[in-house]
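Architecture and fold: a report
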Amino acid sequence: MGLKRVAHAGEEGPPEYVHEALDLLHVDRLDHGNRSLEDPALVTRLARSGMTLTVCPLSNVKLCNVASIDAHPIDRMLRLGLRATINSDDPAYFGGYVGANYRAVAEGRGLDRDDLVTLARNSFLGSFLPDDAVAMHLAALDAYVEAHS
């Protein structure tokens with residue numbers, strides 16, 4: 001029917017839930033995925049496939065899956081080649097829209113400009129937009145980065 005499949009996995013549940021989302025549900029995008037880091041083979045699989053992870057740092061802290069923003073693994077995810085993105089998860093409940101989540105990890109994890117650009121780039125690559133729209137947004141991002149270098 002053309003609908004994309006997305007599932008929550010690997011936030012509170014173990015890496016096995018991520019395997020199930022991939023193998024049983026055949027997801028097109030994975031919500032969260034933090035606990036994938038516990039399984040090196042899974043990390044390799046996710047990186048090689050370019051599976052997008054919609055990471056919600058403030059939610060991760062609120063649910064006690066991560067002790068604090070200072071301990072959040074978002075920078076590790078990027079270093080391992082995962083297509084991580086920054087998102088909000090029920091902002092009224094977890095306390096922050098997308099911008100607040102970006103600010104929290106930028107400050108708490110000391111992300112640099114390149115990291116933030118990678119996160120933004122990943123969000124377009126992991127979107128379900130048509131290829132021409134993704135290309136347009138990536139070109140706009142590149143132009144912005146170039147103009148502000």
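Above this text is the structure in question.
Report follows, based on the coordinates.

**Things to note about the packing of helix α1 (residues 15-23) against helix α2 (residues 40-49)**
Two numbers describe how α1 lies on α2: the axes approach to 10 Å, and their chain directions differ by 35 degrees. The crossing of α1 and α2 is left-handed. The residues of α2 that touch α1, namely those facing P15, V18, H19, L22 and D23, are L42, R45 and L46.

**A short note on the sheet that holds strand β2 (residues 29-32)**
Read across the open sheet, the 4 strands follow the order β1-β2-β3-β4; overall the sheet is parallel. The two strands at the open ends of the sheet, each matched to only one other strand, are β1 (6-9) and β4 (83-86). On average, adjacent strands in this sheet sit at an angle of 30 degrees to one another, irrespective of strand direction. Pairing between β2 and strand β3 (residues 52-55): 2 bridges, direction parallel. Bridging from a neighbouring strand, L30 pairs with L53 of β3. α1 rests against β1 and β2 of the sheet, and its axis sits at about 165 degrees to β1.

**Describing the side chain of D89**
Mapped onto the elements, D89 comes out in the loop between β4 and α5 (91-94). Within polar-contact distance, the side chain of D89 engages the side chain of H32 at 3.3 Å. There is a polar contact of 3.2 Å between the side chain of D89 and the side chain of S59. Sequence-distant contacts of D89, defined by excluding residues within four places in its chain, comprise H8, E11, H32, C56, S59 and F94.

**Re the pattern of salt bridges**
Enumeration according to the criterion identifies 5 salt bridges in this entry. The residue D115 makes a salt bridge to R79 at a minimum N-O spacing of 2.9 Å. Highlighted residues: D115 in helix α7 (residues 113-125) and R79 in helix α4 (residues 74-79), separated in sequence by 36 residues. For R79, a relative accessible area of 55% corresponds to the exposed category. One salt bridge in this structure joins D142 and R121, with 2.1 Å as the shortest N-O distance. Of this pair, D142 sits in helix α8 (residues 131-147) while R121 sits in helix α7; the two residues are 21 residues apart in sequence, bridging distant segments of the chain. For D142, a relative accessible area of 37% translates into the label partly exposed.

Each value, and the rule that gives it
- Residues numbered from 1 in each chain as written.
- Predicted model: local features only at pLDDT ≥ 70, side-chain atom pairs only at ≥ 80, totals over all residues.
- Heavy atoms only, no water.
- Axes fitted to C-alpha atoms, helices over the stretch in contact; angles between N-to-C directions.
- Helix = DSSP H or I, 4+ residues; strand = E, 2+ residues; numbered from the N terminus.
- Left-handed = near helix turned anticlockwise from the far one by under 90°.
- Contact = heavy atoms within 4.5 Å.
- Pairing = 2+ DSSP bridges.
- Polar contact = N/O pair within 3.5 Å; in protein donor to acceptor, adjacent residues only side chain to side chain.
- Salt bridge = Lys/Arg side-chain N within 4 Å of Asp/Glu carboxyl O.
- Buried < 20%, exposed > 50% of the residue type's maximum accessible area, 1.4 Å probe, protein only.

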